[in-house]
Each structure stands twice: as structure tokens, then as C-alpha cells.
Amino acid sequence: MKPTIQLLCFFLVTFSTLAQNGSPSDYLTSDFHKSRRDALRADMPKNTVAVFFANAVRNRANDVEYVYHQDPNFYYLTGYKEPHAMVLIFKENHSIQGKTFNEVLFVQERNENAEMWNGTRLGVLGAQDELGFRVAYNGSEFKSYDIDFLKFDKILFKNFDNDVRDT
């Protein structure tokens, strides 16, 4: 066999194996990300909430965006790879709307038309099933989310100072 044919056969076998097995198995698990949130929570002062945002989608020109890359801190804590998301991590348990929790994830809504062009979104159920969040909401529900941030002694968050549009 010629080297080019051997190389072609190698790639065909490799890609067909990947296609049969689905996603790579070396991704970080939801338990890993949960352990990172637990470690952060252990270091937080009492009566504190930490707020983390997903990276923004950055526009390159008109209808062309840069390739999206999640904020490393946000990914480290959540495992979520999509834009338009936010996670709240509380030091103590909170009860709101009949649910008791110490963390909540807000994600972008599922949308068939947008997913046709930009790929499938996890949505609320995906965030719960695949990422291990007990409590997750669509981002649009944050407006009606009944939480009083004034009752916390500290609110930990990171500014958006790495945005290319900042001057």
C-alpha cells in the first residue's frame, strides 16, 4: 500500500470509531465541577453569595461572531459551555419558591430555530441531568426570581474587565 492510502485508511478507521462511540470520554465529570463549587463554598464567609457569569458572545463584524470560548472560571465551577448563563453559589442553604438549595444555574432557553443554526442547547433539563444542578432556570426567569441581595454581608463577583470593547 502507498503511504497516502495507508494514511487515508487510518483516518477513516479513526473517525468511524469516534462517530460510533459518540463524545470523547475524557471530559471533566459533573462530580468534579460540583466538588469545585463545594470547595469555593467552604472558603466563603458566612452570609455570602458568589455570582459568576458566562463569557459574552463577541461580535466580529455585522452577523459574524468570534468562535465562542467559555470563561475558564465559569466552566471550572459549572461545566457549562454555552453563553448567556449565570450561577449563584450561596454559603448557606436558601429557600425560595418552595425549593431549598445552595446553588442555582440560569441558562439560555432551548430554541429550535436558533439551535438549527448554532447547535443544540442544554436548557434547564440538560443542566440538571448532565451538569448535576438540582435547581436550574431559564435566564429569562431571573427577573421574577425572588432574592434580596441586600440581605447578604458580601456579594462576590468578577467585573467584565477583559472585554475587548473596554477602553
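Residues numbered from 1 in each chain as written. Predicted model: local features only at pLDDT ≥ 70, side-chain atom pairs only at ≥ 80, totals over all residues. Heavy atoms only, no water.

1. A word on the overall build of the protein chain
Going by this rule: Every helix listed is a DSSP run of H or I at least four residues long, and every strand listed is a run of E at least two residues long, numbered separately from the N terminus. Relative accessibility thresholds used throughout: buried, under 20% of the residue-type maximum; exposed, over 50%; partly exposed, between the two (1.4 Å probe, protein chains only). All accessibility values rest on the Shrake-Rupley procedure with a 1.4 Å probe; residue burial counts only the protein chains present in the view.
Counting its regular elements, the protein chain contains five helices and seven strands. Helices (α) and strands (β) of the protein chain occur, in sequence order from the N terminus, as α-α-β-β-β-α-β-β-α-α-β-β. In the protein chain, which comprises 167 residues, the proportion classed as buried is 33%. As displayed, the protein chain offers around 11500 Å² of accessible surface, 55% of which is attributable to carbon and sulfur atoms.

2. A look at the pattern of salt bridges
This is how the line gets drawn: Take a side-chain nitrogen of Lys or Arg and a carboxyl oxygen of Asp or Glu: if they are within 4 Å of each other, that pair is a salt bridge.
Here the structure, examined in full by the defined rule, presents five salt bridges. Two residues, Asp38 and Lys34, come together in a salt bridge whose shortest N-O distance is 3.5 Å. Highlighted residues: Asp38 and Lys34, both in helix α2 (residues 30-43), separated by four residues, approximately one helical turn. A salt bridge links Glu103 to Arg37; the shortest N-O distance between them is 2.9 Å. Highlighted residues: Glu103 in strand β5 (residues 99-107) and Arg37 in helix α2, separated in sequence by 66 residues. Assessed through its relative accessible area of 0%, Arg37 is described here as buried. Among the charged side chains, a network of salt bridges with common partners joins Lys34, Arg37, Asp38, Arg41 and Glu103.

3. A word on the nonpolar core
Soluble globular proteins: nonpolar side chains tend toward being buried together. Just so we agree on the cut-off: Buried Ala, Val, Leu, Ile, Met, Phe, Trp, Tyr and Cys residues form a nonpolar core when they are joined through side-chain atoms within 4.5 Å. Note on definitions: a residue-residue contact is assigned when non-hydrogen atoms from the two residues lie within 4.5 Å.
Among the nonpolar cores identified, the biggest contains 18 residues, and Phe52, Phe74, Tyr80, Val87, Ile89, Leu105 and Leu131 are the most heavily contacted of them. When residues of this core are traced back to their parent elements, those giving at least two are β1 (48-53), α3 (72-78), β4 (86-96), β5 and α5 (123-131). With three residues, α5 is the single largest residue contributor to this core. Once residues lying within four places of it in the same chain are set aside, the contact partners of Phe52 are Leu40, Phe74, Leu77, Ala85, Met86, Val87 and Ile89. Grouped together as the second largest cluster of nonpolar side chains are 14 residues, Met86, Ile96, Tyr137 and Ile147 included.

4. With respect to the pairing of β4
Which entries qualify depends on this criterion: A pair of strands is considered paired only if DSSP assigns at least 2 bridges between the two.
In the sheet, β1 pairs with β4 via five bridges, with the strands oriented antiparallel. Paired with Phe53 across the two strands is Met86, which belongs to β4. Pairing geometry for β4 and β5, over seven bridges, is antiparallel. Note on β5: the bridge partner recorded for Leu88 is Val104.

5. Thoughts on the environment of Val124
Assignment of secondary structure puts Val124 in helix α5. Note on Val124: relative accessible area 19%, which makes it buried. A C-alpha to C-alpha distance of 6.3 Å links Val124 and Asn138, two positions 14 residues apart in sequence. In this view, Val124 contacts Val107, Ala136, Tyr137 and Asn138; residues no more than four positions away in its chain are not counted.

6. What to know about the sheet that holds β4
We count it as follows: Only the stretch in contact is used when a helix axis is fitted, and all axes are lines through C-alpha atoms; the angle between N-to-C directions ranges over 0 to 180 degrees.
Pairing in this open sheet of five strands is mixed, and the strands run β6-β5-β4-β1-β7 from one edge to the other. The strands lining the two open edges of the sheet, one partner per strand, are β6 (136-138) and β7 (154-157). Taking each pair of neighbouring strands and ignoring which way they run, the sheet shows an average axis angle of 25 degrees.

7. Observations concerning the environment of Thr29
Looking at the secondary structure, you find Thr29 in the loop between α1 (3-21) and α2. Exposure remark for Thr29: the relative accessible area of 45% places this residue in the partly exposed category. For the pair Thr29 and Glu130, spaced 101 residues apart in the sequence, the C-alpha separation amounts to 8.9 Å.

By themselves, these are just geometric observations and shouldn't be taken as functional.
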